Structure formats: C-alpha cells, structure tokens
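Residue strings, one per chain:
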Amino acid sequence: MTRMNTVFAGLSRAVAVTATAGALLGPMQAKAAALAPGEYTIGFVTENTGPLAAAGLSYYHGAQLAVDEINAASWMGQGSKLKLSEKESGSDAARAVQALSQFVADRNVIATTCCILSPVAGAMKPVALNAKIPLVLYGATMPGLPQLPYVTSIVGLPGPQEVTMTKRLAETLKPKTVTYFVNADNEAFQGRFKAAQKVMEDAGVKTNGVVSILSADTDFTAPATQAMGTNPDMIMVWTTQTPAGGIIAALRARGYKGHVSASDVISPPPMFKKIGAPLAGVPFPVLFSAEMSTTAAAKKFIDEYQKRFKELPDAYAAQGYTAMYLIAQGLKSTDGKPTREGLAQAIASIKTIEHNLYDGLPMKEGQADYQKSLIGAWSPDGKVVAWEPK
Amino acid sequence: MQLFLEQLVNGWALGSLYALFGIGFGLVFSTLGILNAAHGTYASWAAILGYYAVERFGLPFPAAIAVGVLGGGFLAVLVDQIGFQPLRAKKAGMLGALITSIAFWIILDSVAGFATQQQSLAFPASSYPNQMVPIGSIMVPQMQIITILSLLVCTVGIYVLIQKTRIGAAMRAVGWNEVAAGLGGVDARMVILLTAFLAGATSGLAGVLGGISTANVSFTLGEGLMLKGFAAVVVGGFDDVRGTAIAGICLGIIEVFVAQYISTALRDGVTYSLLLVFLIARPRGLFGSASFMRA
C-alpha cells in the first residue's frame, strides 16, 4: 500500500510538474505557431502611368497607407512587417505580365497584387497560377477572375450595387423611357448595363436606345446627339471613366435637361475637378466615399489619407487599402515562415476581411462580396453627398 | 432630319480637327520628306500648354489658343533642329528620320505624361465659348463653329502661301530638291524652319481646339489625331492642303454616320478600310500630284 501511495504521489507530482510546465510554456508554444518575424514583400504591379493613371495612383496610395498602418501597429505580430515592391505596367498587359514574372523570380516576394483592367488581370491569372504565387486583384471587375487558392479579388462583382441604385431610380424618378450608353469593348460595363436594363424593363421602363462607345473615344458630341435624338426621360451611362465624364459633359453642353445616372467611375474627386458642374446631381452607386462612409475604420483611413496625400481618398484608394489588409490577414493566420503556397491557402480560407472600411466585408469563393452600397452624387460645390431625387 | 443635320455638323467639326492636324503632318512630309511619328505630341503639348495658360495664369481663350499654337510651332522647330537637321546633313534618308521621330514621340509623350500627372484634364467651362448657337433648325456648339472656321482659314491661308507666294515657291523647291533649291538662291535652312513651325503650329491648333471641344487634355490626345490625320493626308494627297482638308472632313462625317446609322464597332474599321483602298488604288490621294514621290 505504501508502495502504491508512493507511486501515486510520484504520478501526482509528475502531473503537477507537467501542468505547471504546460501553463508556463503554453504562451511560448502559441508564439512559436504565429507568423515568423521578418519582412514580407508584396509585389505591387502599379498603373501610375498610362490612361488609367489617376485611378492607379489612388490604388497605390491606399496600399501604401495600409502597409504603413499595418507595420506601425504590428498588426501581423511583433517583428513582422510588410514591404511593397513596385513595378509599373501602364495598364499594358505585356508589361504587367513581365512585372509579374519578375516578382515570381524574386523569392523575397511572397504575394502579388495588380490590375485595374480585366483583360490585363486575365493575362496575369495563368502566370500566377502556373507560378503558384498569390495574386490579389484590386481593380478588375470581370466575373470569373478569382481562382482559388492563388487568385483572389477584393473587387465587388458588377451588378448588386447597380441593381440597388437602378431600382431606386425607377421607383423615385419613374422614367417611362431610358437610353443607355455602354462600352462596346468592356465586358464588365456591358454586364452593368444589362443588369440595369433588366431592372428598368422589369419595372416597365422602355429602352429607347443603346449608344455604344469605345474606351479610347474622346469626342462625345456625336454620341450625345445620338442619345438625345432618342428623346428619353433618362440616360444611364455605363462606361469607363473618361468616356463617362465626356458623355455627361456633352449631354449637358447640348442642353439635355433629363435625368442622367452613371457608375462609380465618376466618384473620384479629379473627375469633378475636370468636368465640374455637369456632374452635379448625377447619381452613382458607391461602396466607399470620403464624404459618406461613416465607420470608425473609414474615418481613420480618410483622416490619415488626407494628412499624407493632401487629398480625400476615393473608392479606388479604399480598394488598394483593402487588398493589403487581405494579404496581411492571410500572413497573420499562417504559422512560422510561410511559403507562397501556404499563404495562398491562408488567403483562400478567409471568410471575412477583418479590417475593412465597409462595415463588414465577406469573401465568397475568393471574391469580395460587398453587401452595403451607397448612392452618392456630386453637389454643385464639389462634395459627394447622399443622392436625393429632384 | 434634324438628327441627320446635327450629326453632319458633328462629323464636319470632328473631321476639321483631323484635317487641321493632317495639314501640318502633310506639310512636313511633302516639304521636308519626314514621316514624323512625333507629330501627334505637338498637338498634345499645345493642348497642355494652352490648358496651363488658362489654369495657372488665367489667360483668356484667344491667348490660350495663341500659346498652344506657338508652343506647337516652337516644339516642332526644336525637334527638327535637334533630331532631323543632323540626319539631313548626313543625308541619312527617310528611315533614319522615322526612327528618330519615334524616339522623340516616346520621349515627348512620357514628359507630357509627367506634365499632366498622367491625368486627363479639361479646360474650365468658363474659359472658352461654350454656348449653343441656333442655325436654322439645329443647335450648334460655338466650339464647333470655331473649329470649322479655323480649318477654313488655315486651309486657304496655307494654300495661298504655298501656291501664290515666293516663300511657298521656295518651300515647294526645297520639297523637290533641297540642293537644287539652294543653288537657285533659296535659303533652305530658313524654309525648313518655317515649314517645321507651320506644321507644328497647325497641329498645335488642332490639339488646343480638340482638347477644349472634347474636355480631354492629356498626353494621349495627339495619338488619336495622329492616326486619323495620317488617314486624311493619305486620302487627300500629301502635297495639297485642299485634299487633306476635304478628306479630313469626309473622314469625320463618315465616322459619325457609321456610328449613328451602322455600328460603333465598325466606325474605325470603315475609316481604315478607306485608307487602305486609297493606298492601293490611288496612292497619291484625291488631290496629290502624280509626280509627287517620297517613299
């Protein structure tokens, strides 16, 4: 019996020692399972020159701000930092692929991010898949671009926000006829146009005409004349940025007094600076607006952005910012020193982007799923305000 | 009918821009023998200079036009003297000049991109005539009237200069044979400078007017004009400004009517098919002289 007591006493001591050691070592074990301290380089294919440079700079500035914020707050863990490595594409597919190939060759680059234009993103996708490197799309809107685990997108698919806005326009403005402008050479805008047209036609609004333009067009006097010739109650502009501004300016210059709506391409401040008064009152769906977004994260982002870049952030800057947080969240969830494959899996498994400017941002099959969109409009003095029907 | 007439005027005004640009392009080719790929950048730079003249210095519309025209002219002279004159001295031929002009195109385009911070800018609406003018049953923007009249004045002026004056005779002589013209007492260097300036200035005028009318002042402005202006020169004939003017207007009208009545997707296809037809069937163009040869 004494011998048994001795054995039990020994076992008890062993258990106690083990428990104590476990209690002491537990945090250390958790620490060992976290992201290994170090600098993690993200290959950023910029579009700071070329036809989309205005938007490209916004994406880039948003990303820069996010990286600095993540590093300053040790958001990924003590000693873990992000670094941006940039290569310029000028929105050219060949240059973009070349930049991505160089990032692939650089083993310091753990993930990449790119592309405003869908065709450019489409060209990048197979390269990223073959090289097994995470690629986060920050601007391209064409459906079907994400392919898990390597290709993900923080861009909302065209459709939901356009549908929401179009329903409201149909209900409040009650137009009988609509004429649409659409890019003949841009699938994403054709998708937006078709979604809006369906909503309007379901509401009994007749299509008076569809005026096609091309992305590279700059003279919109003739297309404006063509649209006005169809005599619609309302004109919806589903085109890329430069044409959208030009079309609205041409319509107003030619004396069109009816309702005009557009997409979020007219939301960046440089657009109002360029086009001015003709944009006032034109409704557009927007996911983020410096004047309308009210979450704490959005307000902080707006303040910091304005301090650093001396201008208000636009929706594109918010997307660049979000792309960095998606990658950072992926890194944060990995153990030890992540590989590109491991990081891709980690990003692919993200269900919600923790830190976002949109009051919640779920990820669905590698694509951001924006659920809350706003309807904004420029005021005559150049501020984005909540749109009110007049 | 009203729509047809409005689109006719739209096409005429658009074509006038192509023609204005094409006149300068054709002048350089016929007189100096240079197929100048950098010519589009003169229009871009003229529009940019005009824009900043208004935006930064508050100059009125006519002064902005003058700044753009002079800027385009002086830039053309600068490019000619830095890039083409040394080649001319070495009798390097057209290929050398073409390659040099491509280099200038890339350099000037890149610098223009920095000058505009890669953005598309627009003249403030209050800085130029932007009212609609009733003409019969249609309304025409003031800028379209100004563009159409500008082409008329430039075409007549340059035609008279080339065909009816001693300077024009000297230009034609240099275009035919620089050495022979020099032996005949023509100051070839001065003629070259004048031609380069005129070419840059007319293209500059197209750039400023186009930048205002389309609310698009950017480093890519000249590229669009370059292709259509080249088509106008080929269709109209390299050595006759009347042909370029008429061909430019026709191209603009065709472009607008194809988009209005057929399809936007076919718009540029029709323009360039026309160019191809002329290159094959009538390479000297509508008004070009049969004896004119450069290639």
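We now turn to the structure provided with this report. (Residues numbered from 1 in each chain as written. Chains lettered and ligands numbered in written order. Predicted model: local features only at pLDDT ≥ 70, side-chain atom pairs only at ≥ 80, totals over all residues. Heavy atoms only, no water.)

Considerations on the overall build of chain A
Now for step 1: For chain A, the helix and strand inventory stands at 12 helices and 14 strands.
Now for step 2: With the C-alpha coordinates aligned to their principal axes, the bounding extent of chain A is approximately 105 × 45 × 40 Å.
Now for step 3: Residues counted as buried form 56% of the 390 residues belonging to chain A.
Now for step 4: Across chain A, contacts joining residues at least 24 apart in sequence account for 70% of those joining residues at least 6 apart.
Now for step 5: Total accessible area computed for chain A in this model is approximately 16,200 Å², and 56% of it derives from carbon and sulfur atoms.
Now for step 6: For chain A, the distance from the average site of its 36 positive side-chain charges to the average site of its 31 negative ones is 5 Å. (Helix = DSSP H or I, 4+ residues; strand = E, 2+ residues; numbered from the N terminus. Buried < 20%, exposed > 50% of the residue type's maximum accessible area, 1.4 Å probe, protein only. Contact = heavy atoms within 4.5 Å. Areas by Shrake-Rupley, 256 points an atom, 1.4 Å probe, with all protein chains shown as cover. Lys, Arg positive; Asp, Glu negative; His and termini not counted. Charge placed at Lys NZ, Arg CZ, Asp CG, Glu CD.)

Quick look at the nonpolar core
Now for step 1: Core analysis: the biggest nonpolar cluster contains 100 residues, and A:Met236, A:Ile266, A:Phe301 and A:Met324 have the highest contact counts within it.
Now for step 2: Among the elements that make up this core, the one with the highest residue count is helix α11 (residues 315-332) of chain A (12 residues).
Now for step 3: Beyond its immediate stretch of four places on either side in the chain, A:Met324 contacts A:Ile42, A:Phe44, A:Ala63, A:Ala66, A:Val67, A:Ile70, A:Leu82, A:Leu84 and A:Thr113.
Now for step 4: In this structure, B:Leu20, B:Phe123, B:Met171 and B:Ala231 belong to the second largest nonpolar core, which totals 75 residues. (Core = buried A, V, L, I, M, F, W, Y, C linked by side-chain atoms within 4.5 Å.)

Digging into the pattern of salt bridges
Now for step 1: Across all of its chains, the model carries 16 salt bridges over all chains by this definition.
Now for step 2: The shortest N-O distance in the salt bridge between A:Glu69 and A:Lys300 comes to 3.9 Å. Separated by 231 residues along the polypeptide, A:Glu69 in helix α2 (residues 53-72) and A:Lys300 in helix α10 (residues 296-309) bring together distant segments of the chain.
Now for step 3: Accessibility expressed as a relative area gives 13% for A:Glu69, which makes it buried.
Now for step 4: Overlapping salt bridges bring together A:Asp217, B:Lys228, B:Glu255, B:Arg267 and B:Asp268 as one network. (Salt bridge = Lys/Arg side-chain N within 4 Å of Asp/Glu carboxyl O.)

Concerning the interface of chain B and chain A
Now for step 1: In this complex, chain B contributes 25 residues to the contact, which on the side of chain A involves 22 residues.
Now for step 2: Between chain B and chain A lies a buried interface of about 2,000 Å² when both sides are counted; carbon and sulfur atoms form 54% of it.
Now for step 3: Interface area lost by chain B to chain A is led by B:Gln118, B:Thr214 and B:Thr264, which between them contribute 23%.
Now for step 4: If you look at where chain B meets chain A, you find two salt bridges.
Now for step 5: Take the side of chain B that touches chain A: its biggest share by element is five residues, from helix α1 (residues 2-32) of chain B. (Buried area = accessible area lost by both parts, 1.4 Å probe.)

Describing the pairing of strand β2 (residues 138-141) of chain B
Residues and elements named next belong to chain B.
Now for step 1: Sheet topology places strand β1 (residues 132-135) next to β2; four bridges connect them, and they run antiparallel. Across the sheet, residue Pro134 finds its bridge partner in β2, namely Met139.
Now for step 2: Linking β1 to β2, which pair antiparallel, is a turn of two residues; within it Gly136 sits at a positive phi near 60°. (Pairing = 2+ DSSP bridges.)

Some remarks on the side chain of B:Ser127
Residue and element names in this part refer to chain B.
Now for step 1: Along the chain, Ser127 falls in the loop between α4 (93-115) and β1.
Now for step 2: Given a relative accessible area of 15%, Ser127 falls into the buried group.
Now for step 3: Side-chain polar atoms of Ser127 contact the backbone oxygen of Pro124, separated by 2.6 Å. (Polar contact = N/O pair within 3.5 Å; in protein donor to acceptor, adjacent residues only side chain to side chain.)

Remarks on the pairing of strand β13 (residues 374-378) of chain A
All names here are of chain A.
Now for step 1: Of all five residues in β13, four are buried, a share of seventy percent or more.
Now for step 2: Pairing of strand β10 (residues 284-286) with β13 involves three bridges; the strand directions are antiparallel. Among the inter-strand pairings, Val286 is bridged to a residue of β13, identified as Leu374.
Now for step 3: Taking the residues that link successive antiparallel strands as the turn, the β13-strand β14 (residues 384-386) hairpin has five residues, and the phi of Gly382 there is positive, at about 85°.

Describing a nonpolar patch on the surface
Now for step 1: A surface patch of nonpolar side chains, amounting to about 570 Å² of accessible area, comprises B:Met1, B:Phe4, B:Tyr261, B:Ile262 and B:Leu266.
Now for step 2: Position of B:Met1 relative to the elements: it lies in the segment before α1. (Patch = residues over 30% accessible without salt bridge, like charges linked within 9 Å, V, L, I, M, F, W, Y side chains within 5 Å.)

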